[in-house]
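# Reading the structure
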Amino acid sequence: MIEVNNLTKYFGPFKVLDDINISIKPGSIYGLLGPNGAGKTTLIKHLAGVYRPDSGTVKIIDEQVYENPKVKSSLIYIPDDLYFFNQYSIKEASKFYARIYPNWNQERFDSLKEYFPLDINNRISKLSKGMQKQVAFWLGICTMPKVMILDEPVDGLDPVMRKKIWNLMLQDVSERKTTILVSSHNLRELEDVCCHIGIIYDGKMVVQRELDNLKTNIHKIQVAFESDFNQLLQGFEVLHNSKNGSVNTLVVRGDKEELLNTLKKANPLILDVLSLTLEEVFIYELGGLGYEINNVTI
Ligand SMILES: Nc1ncnc2c1ncn2[C@@H]1O[C@H](COP(=O)(O)OP(=O)(O)OP(=O)(O)O)[C@@H](O)[C@H]1O
């Protein structure tokens, strides 16, 4: 459904995207992560057809996106910085969308009036940032998109509205096989909804895996030994090792069984495997690439 092959982009002499490859199947949600300035928005703007690739291809439903109105009519792009025609009310904007998008669903728009606590006669420019985001989703979802490209989608929404909007999108993913690519710094939220995760760093795609697999190579373990045990960890890539009283918290990359067997041989007083959050995986994957994580504690 979404295919990016060898995408490279320069801004002047600066290579902002470097040989990016992504493949996303219909009916899945792909989470795009990365530190500030990594290139997420630039990548997203290629997917939305805003930027032309310098080299490589960006295809949605087997067609190049750039300058392709047919593809653009089946996708919705909700950027971080929303833009609406200033004078439009919600009702006028819905009429505009109905003219532009061939699959506009008026019935859905009308039924969602109950869902969004907004007066459709209000001018969009007079609404708060969070209310404008609600309008963007309301209108967007009524175009019955095959693909949704979302840049920090729920930023500025209150927790109840965030949940409501995710519910709407998840319903479309399961019932209509809508494909979603979402970029967010809210890893807790992405963890609940994404099946695939890509981490972009310095313009390069450095990690790209199923969410479950992402966690299988890094392990968080609490251990306590009577004597020093650090020599046991030789041969393992220790990403973090902190001590609180007699208990050490380790984050180690490598084979889980091999690591546990090695530690067990030295008769630990405590040996617990803790589950890692997506946030921790993100921090330690990037730490391995030289991103400054020294001040981050777990
Ligand atoms: N129009 C532009 N002209 C020149 N440089 C740009 C332009 N847009 C972005 N950049 C640069 O490209 C790099 C990537 O920016 P981008 O906005 O894609 O990052 P991001 O991952 O979305 O960051 P954030 O998480 O902070 O939103 C940054 O170094 C940025 O300064």
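Remember, predicted model here, so these are calculated numbers, not experimental data.

## Quick look at the overall build of the protein chain
Check the secondary structure of the protein chain and you find ten helices and 14 strands. Dimensions of the protein chain, computed from C-alpha atoms along their principal axes, come out at roughly 75 × 45 × 35 Å. Looking at the protein chain as a whole, 31% of its 298 residues are labelled buried. A separation threshold of at least 6 residues defines the contact pool for the protein chain, and within that pool the share at least 24 residues apart is 68%.

## With respect to the site of the ligand
Around the ligand, the neighbouring residues are Phe11, Val16, Gly34, Asn36, Gly37, Ala38, Gly39, Lys40, Thr41 and Thr42. Tallying contributions element by element places helix α1 (residues 40–47) first for the shell around the ligand, with three residues. Of the residues belonging to the shell around the ligand, the class tally is three nonpolar, six polar and one charged.

## Section: helix α10 (residues 278–287)
With seven of ten residues buried, α10 is to be regarded as a mostly interior element. Restricting attention to buried positions, one finds in α10 the residues Leu278, Glu280, Val281, Phe282, Tyr284, Glu285 and Leu286.

## What about helix α5 (residues 129–141)?
For α5, which comprises 13 residues, the first-to-last C-alpha distance of 18 Å matches the rise-based estimate of 18 Å (1.5 Å per residue) to within 8%. For α5, every residue scored as buried is listed here: Lys133, Gln134, Val135, Ala136, Phe137, Trp138, Leu139, Gly140 and Ile141. The secondary structure elements touched by the buried residues of α5 are β6 (75–78), α3 (90–100), β7 (147–151) and α6 (159–176).

## Some thoughts on the sheet that holds strand β5 (residues 63–64)
Taken in spatial order, the four strands of this open sheet run β2-β1-β4-β5, and their pairing is antiparallel. Strands at the two margins of the open sheet, each flanked by one partner only, are β2 (14–24) and β5. Pairing geometry for strand β4 (residues 55–60) and β5, over two bridges, is antiparallel. For Lys59, the partnering residue across the bridge sits in β5 and is Gln64. Contacts between α1 and the sheet are confined to β1 (2–11), β2 and β4, with β2 contributing the most and set at about 55° to the helix.

## Focus on the sheet that holds strand β13 (residues 247–253)
Spatial strand order, β12-β13-β11-β14: four strands in an open sheet with antiparallel pairing. The open sheet has two edge strands with one neighbour each: β12 (237–244) and β14 (270–274). On average, adjacent strands in this sheet sit at an angle of 20° to one another, irrespective of strand direction. Bridge count for strand β11 (residues 218–224) against β13 is six bridges, and the pairing is antiparallel. By the bridge assignment, Lys220 is partnered in β13 with Val251. Taken strand by strand, helix α9 (residues 256–265) contacts β11, β13 and β14, and its axis lies near 10° from that of β11.

## Looking at the nonpolar core
In a soluble, globular protein the nonpolar side chains are often hidden away together inside. Among the nonpolar cores identified, the biggest contains 63 residues, and Ile2, Leu47, Ile149 and Leu181 are the most heavily contacted of them. Counting residues per element, this core draws most heavily on α5, which supplies six residues. Of the domains in this structure, domain 1 (2–211) and domain 2 (216–275) are the two that each give at least three residues to this core. Those residues within four positions of Leu47 in sequence are excluded, and the remaining contacts are Ile2, Val58, Val65, Ile149 and Leu181.

## Details of the pairing of β4
Relative to β4, β1 runs antiparallel, the two being bridged by five bridges. Within the sheet, the bridge partner assigned to Ile2 lies in β4 and is Ile60. From the end of β4 to the start of β5, which pair antiparallel, there are two residues, and Ile61 there has a positive phi angle of about 50°.

## Brief notes about the pairing of strand β8 (residues 179–183)
In terms of residue burial, β8 counts as a mostly covered element, since five of its five residues are buried. Because side chains alternate across β8, one face comprises the buried residues Thr179, Leu181 and Ser183, and the other comprises Ile180 and Val182, equally buried. Strand direction decides the pairing type here: strand β3 (residues 29–33) and β8, joined by four bridges, are parallel. Residue pairing across strands places Gly31 opposite Val182, the latter belonging to β8. One ladder, built from five bridges, connects β7 with β8; its direction is parallel. Looking at the pairing, Val147 lines up with Thr179 of β8.

Criteria and cut-off values
- Residues numbered from 1 in each chain as written.
- Predicted model: local features only at pLDDT ≥ 70, side-chain atom pairs only at ≥ 80, totals over all residues.
- Helix = DSSP H or I, 4+ residues; strand = E, 2+ residues; numbered from the N terminus.
- Buried ≥ 20, exposed ≤ 12 C-beta atoms within 10 Å, placed from the backbone.
- Contact = placed C-beta atoms within 7 Å.
- Near = placed C-beta within 6 Å.
- Nonpolar A, V, L, I, M, F, W, Y, C, P; charged D, E, K, R; others polar.
- Expected span 1.5 Å × (residues − 1).
- Pairing = 2+ DSSP bridges.
- Axes fitted to C-alpha atoms, helices over the stretch in contact; angles between N-to-C directions.
- Core = buried A, V, L, I, M, F, W, Y, C linked by C-beta atoms within 7 Å.
- Domains from an automatic or database assignment.

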